[in-house]
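# A closer look at the structure
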Amino acid sequence: MDAPSSTIGPAALRPAEAGGPEASPRRGLTAFVFAGGSSLGAVQVGMLKALLSQNIVPDFVVGASAGAINATYFAYDPGTSGVDDMDRLWCGLRRDDIFHLTPLGSLWNLLSGRGHMVAATGLSDVLAPHFATRTIDGGRIPCCIVTTDLLSGCEYRIRSGPAIPALLASAAIPGVFPPVHLHDRYLIDGGVTNHTPISAALDLGAKTIYVLPTGYSCGLTAPPRSALGSALHALNLLIAQQLVDAIRHARSVSDIRVVPPPCPQPVSSYDFSHARELIDGAEQSTRRWLDKGMRLVEGVPPQLPPHDHDHVDNHFGPFWQATTGAASF
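Position numbers for residues count from 1 along each chain, tracking the sequence in the order it is written. Confidence filtering applies because this is a predicted model: local features only for residues at pLDDT of at least 70, side-chain atom pairs given and counted only at 80 or more, and all residues used for totals across whole chains, interfaces and linings. Where side-chain values are given, they derive from all heavy atoms of the structure, hydrogens and water being excluded.

### Points about the pattern of salt bridges
Criterion for a salt bridge: a side-chain nitrogen of Lys or Arg within 4 Å of a carboxyl oxygen of Asp or Glu. The tally for this structure, following the rule as stated, stands at ten salt bridges. The partner of Glu-155 in a salt bridge is Arg-157, with the nearest N and O atoms 2.8 Å apart. Across the pair Asp-255 and Arg-257 runs a salt bridge whose closest N-O atoms are separated by 2.6 Å. Taking relative accessible area as the criterion, Asp-255 reaches 32% and is therefore assigned partly exposed. Connected through shared salt-bridge partners, Lys-49, Asp-87, Arg-276 and Asp-280 make up one network. Summary of the burial criterion: residues with accessible area below 20% of their type's maximum are buried, those above 50% are exposed, and those between are partly exposed, where the area comes from a 1.4 Å probe applied to protein chains only.

### Thoughts on the confidence of the model for the chain
Residues with a pLDDT of 70 or more make up 81% of the chain, whose mean pLDDT is 83. Taking the mean pLDDT of every element in the chain, the minimum, 56, falls on helix α5 (residues 103-111) and the maximum, 98, on helix α1 (residues 43-53). Within a predicted model, pLDDT stands for the predictor's per-residue confidence, ranging from 0 to 100. Working rule for contacts: check all heavy atoms of both residues, and any pair within 4.5 Å makes them a contact. Low confidence marks residues 1-26, where pLDDT is under 50. Its contacts with residues over four positions away, or in another chain, come to 56 contacts. Secondary structure elements are defined from DSSP: runs of H or I of at least 4 residues count as helices, runs of E of at least 2 residues count as strands, and each element is numbered from the N terminus.

### As for the pairing of strand β8 (residues 255-258)
Across the two faces of β8 the burial differs, with Ile-256 and Val-258 buried and Asp-255 and Arg-257 not buried at all. Here a strand pair is declared whenever DSSP counts at least two bridges between the two strands. Looking at chain direction, strand β7 (residues 206-212) and β8 are connected through four bridges and run parallel. Residue pairing in the sheet places Thr-208 in a bridge with Asp-255 of β8. With the strands pointing away from the viewer, any crossover whose connection runs clockwise from the first strand over the helix to the second is right-handed. In this region the chain leaves β7, passes through helix α10 (residues 227-250) and returns to the parallel neighbour β8; the handedness of that crossover is right-handed.

See the structure below:
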């Protein structure tokens with residue numbers, strides 16, 4: 001796989017205002033699309049290491065939720081040194097840095113009518129050392145961040161302006177973090193409308209799209225113990241199915257190359273203590289994919305659709321209640 005020959009500067013995809021009319025389509029562009037996935041976003045660092053080792057680089061990036069943070073960071077330094085910085089950032093994160101929960105505080109936030117469990121100050125403090133002076137359109141390659149308008153339910157794409165408000169908006173999981181008031185809108189997690197924003201990359205002219213999914217915690221042996229952990233896991237199941245549908249819809253109009261996530265994945269998307277193994281595992285699996293390829297089902301790696309590792313003859317279901325009656329009505 002060769003590096004794309006066409007390149008464009010940051011101004012080329014910059015709209016008159018964030019979320020304004022789409023840029024006119026361009027031919028031959030390559031995009032990296034970063035999906036959301038909370039703590040599993042660390043796998044995208046390993047994927048980037050492997051892609052860069054083969055000189056596979058994008059003309060622009062698109063991201064949603066945790067993927068928006070990775071996309072923006074990478075846009076500023078789209079090389080090995082930038083990815084090494086991302087590695088250190090992820091390996092230094094802890095759950096309480098972002099989800100600083102106390103039982104009384106969470107209960108008070110819900111009962112007092114605030115509509116969220118966790119203040120965004122923790123995530124904002126994590127972002128500040130890296131993005132305080134940065135803008136979405138100030139990187140070395142263009143970047144598009146996908147959010148959701150809470151009131152209308154419409155997808156809202158941001159391509160300029162301060163980075164931190166846009167990233168807080170794209171990562172504002174409904175009910176967990178407060179919405180972000182930006183551009184006269186109340187914005188929440190981009191995953192509500194488009195967690196793997198392939199459509200945004202297509203609208204911006206991409207003809208070759210590398211999708212960097214986080215996968216989901218398919219190797220868990222028991223449900224997450226906390227309500228928030230269960231909610232994040234359920235959201236990642238939704239992302240997986242949404243991604244499969246988006247790939248099948250888009251592959252007729254673009255060259256979609258989906259980087260297979262590590263599988264089985266025993267790490268919960270609420271657990272930030274395994275970044276090192278997530279990064280290393282993703283780098284190894286991506287290198288294998290680049291070297292040997294992978295059998296696809298309708299353009300989709302088998303790691304992505306919801307699946308069950310305990311049923312060798314039927315990984316993808318559906319599964320039926322055991323019964324001694326007739327097999328049909």
